[in-house]
Amino acid sequence: MNSQRDLLIRGSERVIGHYELLLASAKSEHERELYRQRIERERRLIRDLQGEWNHRAA
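Criteria and cut-off values
- Counting starts from 1 at the beginning of each chain's written sequence and moves along it residue by residue.
- Only residues with pLDDT of at least 70 get local features here, since the model is predicted, and only at 80 or more are side-chain atom pairs given and counted; chain-wide, interface and lining totals rely on the full set of residues.
- To get the side-chain values, all heavy atoms of the structure are used, and hydrogens and water are removed first.
- Each helix is a run of H or I in the DSSP string that is no shorter than four residues. Each strand is a run of E no shorter than two, and both are numbered from the N terminus.
- To estimate the expected span of a helix, count its residues, drop one, and scale the result by 1.5 Å.
- Each residue is placed in one exposure class: buried if its accessible area under a 1.4 Å probe, protein chains only, is under 20% of its type's maximum, exposed if it is over 50%, and partly exposed if it falls in between.
- Contact criterion: two residues are considered in contact whenever any of their non-hydrogen atoms come within 4.5 Å of each other.
- When charges are counted, neither His nor the chain ends are considered; positive counts come from Lys and Arg and negative counts from Asp and Glu.
- Counted as salt bridges are all cases of a side-chain nitrogen of Lys or Arg within 4 Å of a carboxyl oxygen of Asp or Glu.
- Among buried residues, those of type Ala, Val, Leu, Ile, Met, Phe, Trp, Tyr and Cys that are joined through side-chain atoms within 4.5 Å constitute a nonpolar core.

### Structural notes on helix α1 (residues 2-24)
Here comes step 1: Taking 1.5 Å per residue as the helical rise, α1 with its 23 residues ought to reach 33 Å, and the 33 Å between its terminal C-alpha atoms agrees with that figure.
Here comes step 2: Buried within α1 are the following residues: Arg5, Ile9, Ser12, Ile16 and Tyr19.

### Section: the environment of Tyr35
Here comes step 1: Position of Tyr35 among the secondary structure elements: in helix α2 (residues 29-57).
Here comes step 2: Taking relative accessible area as the criterion, Tyr35 reaches 11% and is therefore assigned buried.
Here comes step 3: Residues Tyr35 and Ile16, spaced 19 residues apart in sequence, show a C-alpha to C-alpha distance of 9.1 Å.
Here comes step 4: With residues up to four places along the chain from it excluded, the contact list for Tyr35 reads Tyr19, Leu22, Leu23 and Ala26.

### A closer look at the side chain of Glu42
Here comes step 1: Position of Glu42 among the secondary structure elements: in helix α2.
Here comes step 2: Despite its burial, Glu42 pairs with no opposite charge; the closest candidate is Arg41, at 4.5 Å N-O.
Here comes step 3: Ignoring sequence-local partners within four residues, the contact set of Glu42 consists of Ser12, Val15 and Ile16.

### Considerations on the nonpolar core
Here comes step 1: If you look at the biggest cluster of nonpolar residues, it comprises 8 residues: Ile9, Ile16, Tyr19, Ala26, Tyr35, Ile39, Ile46 and Leu49.
Here comes step 2: For this core, the secondary-structure elements that each account for two or more residues are α1 and α2.
Here comes step 3: Of all the elements, α2 adds the most residues to this core, at 4 residues.
Here comes step 4: Aside from chain neighbours lying at most four places away, what touches Ala26 is Glu31, Arg32 and Tyr35.

Shown next as structure tokens:
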């Protein structure tokens, strides 16, 4: 199970990297806000996955 969680975390980290590239080249404030929201969503997913792991380890 740990390998699945690690895979999901790595995937979210890669998605964040792609969104950061898109954010850097965004042409409007609307685009920038959209990418910021998506980055934050992925970060929340990572925190949730890490929290789930910490909860099970306790």
